[in-house]
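# Overview (structure and organization)
Here is what each chain is made of, one letter per residue.
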Amino acid sequence: MKLFAPGYATSARAALLGSAAAFSLAIPAAALAQNADEALPAADAAADEAGSGNEIVVTATKREQTLQDVPIAVSVTTAETIERAQVRDLKDLATLVPSLRVSEHQTSTQTDFIIRGFGNGANNAGIEPSVGVFVDGVYRSRSAAQITDLPDVQRIEVLRGPQSTLFGKNASAGVVSIITQKPKFTFGGNVEASYGKYNALVLKGLVTGPLSENVAASLAAGYNRRDGFIVNPITGGKINDRNRWFIRGQLLFQPHDGLSVRLIGDYSKVNEACCAAESVQVGARTGILTSALIGGKVNAASDPFGGVFYANFDPTNSVENYGLSGQIDYEVGPMTVTSITAYRQSKTLADFDPDFTSADLLRGANIGRVGIKTFTQELRLQANFVDRVNVLLGGFYFHENVDQGTDIRWGTSARPYFDAIVRGGSGNALNFALLEGTFGALEGNPAKYIGQFFAAGQSFSETDTLNDNNFSIFSQIDFKVTDRLTLTGGINYTNDKKRFSDVIVTNDVFGALNLDAAQYAPFRNQLLFQGALASQVGTALGLGRSATAAEIGGFAVANNATYNAIVAGSTAFAAANQNNPAANPLNALGSALQIFRPYLGIPNVVEPGRTSDDKFTYTARVAFDASDNINVYASFSTGYKASSINLSRDSRPTISNRAAIEAAGIGVVNQKYGSRFAGPESSTVYEAGIKGSWRNASVNIAVFHQSIKGFQANNFNGLGFDLSNAGKQSVRGFEIEGMFRPVPELTINGGLTYLDPKYDDYPLSPLGNATGTRPAQIPTVSLSLSADYNHELGNQNHVIAHVGFHHESKVQALEGLPAFTVTNANGTFNYQPAIDAAKPFTREVNELDSSLTYAMQNGLELTIWGRNLTDNRYITAIFDSPAQAGSVSAYPNTPRTFGGSVRFRW
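Quantities reported herein were computed from a predicted structural model and do not represent experimental measurements.

## Here's the deal with the state of the cysteines
Tallying each qualifying case throughout the model produces 1 disulfide. Here Cys-274 connects covalently by a disulfide to Cys-275, the sulfurs 1.8 Å from one another. Given an S-S torsion of about 75 degrees, the disulfide between Cys-274 and Cys-275 has right-handed geometry. Residue Cys-275 is classed as buried on the basis of its relative accessible area, which comes to 4%.

## Structural notes on the side chain of Ser-724
You can see Ser-724 is positioned in strand E31 (residues 721–743). A distance of 3.3 Å separates the side chain of Ser-724 from the side chain of Tyr-762, its partner in a polar contact.

## Details of the sheet that holds strand E3 (residues 74–78)
Taken together, 5 strands build an open sheet; the order of strands is E3-E8-E9-E6-E7 and the sheet is mixed. Taken across any chain shown, the strands that pair with only one partner, and hence form the sheet edges, are E3 and strand E7 (138–140). Taking the axes of each pair of neighbouring strands and ignoring which way they run, one obtains an average angle of 20 degrees across the sheet. As defined by bridge partners, E3 adjoins strand E8 (residues 153–160) across 5 bridges and the pair is classed as antiparallel. Counterpart to Val-76 in the pairing with E8 is Glu-157.

## Re the confidence of the model for the chain
Residues with a pLDDT of 70 or more make up 88% of the chain, whose mean pLDDT is 85. Element-level mean pLDDT values for the chain span from 31 in helix H1 (residues 17–20) up to 96 in helix H7 (residues 432–442). pLDDT under 50 marks residues 1–49. Its contacts with residues more than four places away, or in other chains, come to 228 contacts. Confidence drops under pLDDT 50 across residues 827–839; counting only partners more than four residues distant or on other chains, this segment forms 32 contacts.

## Overview of the packing of helix H9 (residues 549–558) against helix H10 (residues 560–577)
Between two packed helices, both the angle of their axes relative to each other and the distance between the axes serve to describe the pair. The contact between H9 and H10 brings their axes to 5 Å, and the two run at 120 degrees. In terms of axis orientation, H9 runs oblique to H10. In contact with Ile-552, Phe-555, Ala-556, Val-557 and Ala-558 of H9, H10 contributes Asn-560, Thr-562, Tyr-563 and Ile-566. Partitioned by chemical class, the residues of the contact of H9 with H10 number 7 nonpolar, 2 polar and no charged.

## Examining the nonpolar core
Membership of the largest hydrophobic core comes to 54 residues, with the highest contact counts inside it found for Leu-361, Trp-410, Phe-418, Leu-435, Phe-439, Phe-453 and Phe-454. The leading source of residues in this core is helix H6 (residues 414–425), at 6 residues. Not counting residues up to four positions away in its chain, the partners in contact with Trp-410 are Leu-361, Leu-362, Arg-363, Phe-418, Phe-454, Ala-455, Ala-456, Gly-457, Gln-458, Asp-508, Ile-595 and Phe-596. If you look at the next biggest cluster of nonpolar residues, it comprises 33 residues, including Phe-113, Val-135, Ala-726 and Tyr-759.

## Digging into the pairing of strand E19 (residues 335–351)
Examined bridge by bridge, strand E18 (residues 316–332) and E19 share 17 bridges and lie antiparallel to one another. Bridging across to E19, Asp-329 finds its partner in Thr-338. What sits between E18 and E19 in their antiparallel hairpin is a turn of 2 residues, with Gly-333 showing a positive phi close to 60 degrees. Of the strand pairs in this sheet, E19 and strand E21 (residues 368–385) are connected by 16 bridges, and their pairing is antiparallel. The residue of E21 that forms the bridge with Ala-342 is Thr-376.

## Structural notes on the environment of Ala-642
Looking at where Ala-642 falls in the secondary structure, it is placed in the loop between strand E26 (630–641) and strand E27 (644–645). In this structure, Ala-642 is in contact with Asn-170, Asp-496, Lys-498, Asp-613, Pro-680 and Gln-712, ignoring residues within four places of it in sequence.

## A few points about the packing of aromatic side chains
All told, the structure shown has 34 aromatic pairs when counted by the stated rule. Consider the rings of Tyr-493 and Phe-616, whose centres lie 4.9 Å apart with planes at 50 degrees: the pair is tilted. Residue Tyr-493 is located in strand E24 (residues 485–506), and its partner Phe-616 is located in strand E25 (residues 610–625); the two are separated by 123 residues in the primary sequence. On the basis of relative accessibility, which here comes to 43%, the residue Phe-616 falls in the partly exposed class. Considering the side-chain rings of Phe-500 and Phe-677, the 6.5 Å spacing of their centres and the 70 degrees angle between planes classify their relative orientation as edge-to-face.

## A closer look at the side chain of Asp-613
Residue position: Asp-613 is located in strand E25. There is no salt bridge for the buried Asp-613, and the closest opposite charge comes from Lys-498, which lies 5.4 Å off by N-O distance. For Asp-613, the side chain forms a polar contact with the side chain of Ser-643, separated by 2.9 Å. In contact with Asp-613, not counting residues within four places along its chain, are Thr-494, Asn-495, Asp-496, Tyr-640, Ala-642, Ser-643 and Pro-680.

## Points about the pairing of strand E16 (residues 259–272)
By the bridge criterion, 11 bridges tie strand E15 (residues 242–256) to E16 in an arrangement that is antiparallel. Residue pairing for E16: Phe-246 is matched across the bridge by Ser-268. Hairpin geometry of E15 and E16 is characterised by an intervening segment of 2 residues between the two adjacent antiparallel strands. When E16 meets E18, the two strands line up antiparallel, connected through 14 bridges. Within E18, the residue paired with Ile-264 across the bridge is Ser-325.

## A word on the pattern of salt bridges
Note that side chains of opposite charge can pair when their charged atoms are close. Counting across every chain of the model gives 42 salt bridges. Two residues, Glu-735 and Arg-160, come together in a salt bridge whose shortest N-O distance is 2.8 Å. With a gap of 575 residues between them, Glu-735 in strand E31 and Arg-160 in strand E8 connect regions that are remote in the sequence. In this structure, a network of salt bridges that share partners links the residues Glu-80, Glu-83, Arg-84, Glu-192, Lys-204, Glu-861, Arg-903 and Arg-905.

## Observations concerning the environment of Ala-813
Its location among the elements puts Ala-813 in the loop between strand E34 (797–812) and strand E35 (821–823). On the basis of relative accessible area, Ala-813 is assigned to the buried category, the value being 3%. Along the chain, Ala-813 and Gln-777 lie 36 residues apart, while their C-alpha atoms are 5.1 Å from each other.

## Points about the packing of helix H8 (residues 521–540) against H10
At a minimum axis separation of 8 Å, H8 and H10 run at an interaxial angle of 145 degrees. Crossing handedness for the pair H8 and H10: right-handed. Touching Asn-525, Leu-528, Phe-529, Ala-532, Leu-533, Gln-536, Val-537 and Ala-540 of H8 are Tyr-563, Ile-566, Val-567, Ser-570, Thr-571, Phe-573, Ala-574, Ala-575 and Asn-577, all from H10. Split into classes, the residues belonging to the contact of H8 with H10 amount to 12 nonpolar, 5 polar and no charged.

## Describing the sheet that holds strand E40 (residues 888–892)
As summarised here, the arrangement of the 3 strands in space is E17-E40-E39, forming an open sheet in which the pairing is antiparallel. One side of each edge strand has no neighbouring strand; the edge strands of this open sheet are strand E17 (278–281) and strand E39 (875–880). Within the sheet, the average angular offset between the axes of one strand and its neighbour, ignoring direction, is 35 degrees. Here E17 runs beside E40; their pairing, made up of 3 bridges, is antiparallel. Looking at E40, one finds that Ser-279 is bridged to Ser-889.

Each value, and the rule that gives it
- Residues numbered from 1 in each chain as written.
- Predicted model: local features only at pLDDT ≥ 70, side-chain atom pairs only at ≥ 80, totals over all residues.
- Heavy atoms only, no water.
- Disulfide = S-S within 2.5 Å.
- Buried < 20%, exposed > 50% of the residue type's maximum accessible area, 1.4 Å probe, protein only.
- Helix = DSSP H or I, 4+ residues; strand = E, 2+ residues; numbered from the N terminus.
- Polar contact = N/O pair within 3.5 Å; in protein donor to acceptor, adjacent residues only side chain to side chain.
- Pairing = 2+ DSSP bridges.
- Axes fitted to C-alpha atoms, helices over the stretch in contact; angles between N-to-C directions.
- pLDDT = per-residue confidence, 0-100.
- Contact = heavy atoms within 4.5 Å.
- Parallel < 35°, antiparallel > 145°, perpendicular 65-115°, else oblique.
- Nonpolar A, V, L, I, M, F, W, Y, C, P; charged D, E, K, R; others polar.
- Core = buried A, V, L, I, M, F, W, Y, C linked by side-chain atoms within 4.5 Å.
- Phe/Tyr/Trp six-rings, centres within 6.5 Å; stacked < 30°, edge-to-face > 60°.
- Lys, Arg positive; Asp, Glu negative; His and termini not counted.
- Salt bridge = Lys/Arg side-chain N within 4 Å of Asp/Glu carboxyl O.
- Left-handed = near helix turned anticlockwise from the far one by under 90°.

So this is what it looks like as structure tokens:
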């Protein structure tokens, strides 16, 4: 079923179903009920080991507690839950937890994690996420480093709300913590093969066991490939495919009871054609590209889910991730010392057709090449005294180097395309041949610019670097006042220093023209005169528009005296304004066509290319065990994220530096001002919750009011990204998660999130004053429901049926698109659809998933599965089509998929 409403706007990576879940949040996953004297199949034994409902053990506060006892809003899922739900992709993860949203954009590596409506950090390597992702305690700083599938997931914890006190860097909106299984001292493992629609093939396996009395090891590997579900008719290629592989090894040393050393190494590769952006609205300029003049093609805007995507070449994504980590835990009396050391590298090379049409307008040449090297070290001491006081003291160090480059150039369609825009905008009075000859002649060389405006191959090349050093010191104390009352206080100091550079070289001829130059004054004079004359004659004739040449001629003959007076006035007006930048008749050409302008690099004599931020964050909490089954808590927490850097061609000096730049004489032609970076963001949450756990049921309820000051917003404007700070954004709401087991064979899980977000203060949004408006992409209601029925057939063989449903209420896909936004007199704005007002750009999600498994006592399992069985189609993100004002493009979700799996455990 299609619910589209046009909206705002071969190397393979590790294919591990359980790994895809590695980035998921999930509602408390209840293990399947079993009587104590039952012999369990391997799958159910694993689930039983993981725990059930609120009995699951978590480390959300960096010490082991049951989900029932941990007094924070945290969602937990186990590998068994992910397996039953047949999660195959990062984007599938949100179907398990209503407070989580995961979206993928123009490449495989550009993925957002959003919790309670807060999160960012996809399209720009200088922007760090507001949701921290940790794998076995190791921080993954960028989405490109977060996509590795993990076959040996033990559980995934999603901590909702600011978590900066214990997790430090970039946890201002929440944390996704992935915990994998340690190597075991008993031999075991599993292998799986799955095949499904679009030739989807998943192979994965895990083996673990002892190497000696004190050493255990595990090795996991996976392969994941799938044909794309969108076809490019120009190349015949299939887009939005999957092609990934990985390998992951672990060693566990336990020489004695008090010492444990765990070493982990992983390597993964991605080589995919992603991602197709479909047209959802075609404006006049895209119409030029698809006209007989150029002959380009786009998909039919009326059906962005038709599975067709036109581009000169297929997009490519090549990603290489690898890393090493070591964790040491040493117990001395009541104290435990933990050290986690890690080094990681990520290399990305992405290329795609930037104009998303078959016309050769823009060419990519390694549009996104990013190299990231990260070193982290965490050291913490935990102590428990007389079972009343638990103390945690720690420090965290982070060092990262980012190198990024981009090359984009004009194609063969650029010149005729922009020439047609000039002709149309001037009523055929102007064209490139005329402009080139005129500008050249005024510079003394009439041939200087002939054939040069938007010539194929003219380009801009960008090189960026970022060096980040960050450390934090944190402490938290839990004081058990009575057997039922616990008070908690925590503090964190974070210090973050960044050094960055951004250099762009461009040879775009038209972009380098200074249209305000004195030598062009005669041309401006002529245009001003012609414009004033046509306007005045049109007024005199009562036309309500400028007069045509023929109408002017007729008026001159019939009204000679009046005509002469208008000529005199127009002449005077032109002479008075020919050097007035505000009245320059060429301004429209500059704003529309000077896309690759000269660029002032950083650092320079005015801008040092450095940021230095620090902040104290706090946690205060009271928890009370109202009974053996019910716990309540109330908390106040703050979070923090340091400055983010605009590593893109849209990085421009701030307007406050204009005078200094001009005084230093370092400004470039057509200097634009904007932002180099967005300042820090600070978050606050007030939260209260209740947790109940009974033999056959559990329920967790949280109510909250969360706000972020200086939220770092990164908005696409049709040509690039505007990075800025929103003054304040807040959300209030509640979350309900629960498990119910009416009979031993049936387990029902559910989660509901209600969000009421608002821009409390955002006067300088890219679209105007957004204060008081509702942020887009945040559904009011998100709902996840699932049921698992485990029926024993006899001989300890089981049939396990799973069904899951995920719903997100209708939501605006984007606050607005600049081409379709009307600013009101008071500075606020309204979105105005340009073509079909009955179809605002919105998204609504209703997905149904299911699986049926036959699990045998010998460890063999046969499964048939399906995801998005109703074929619910919607857009995941939307934006202005690049260099095509009036047109809109969007990324579609994945259609219905189904298949079968064979799994064996031992």
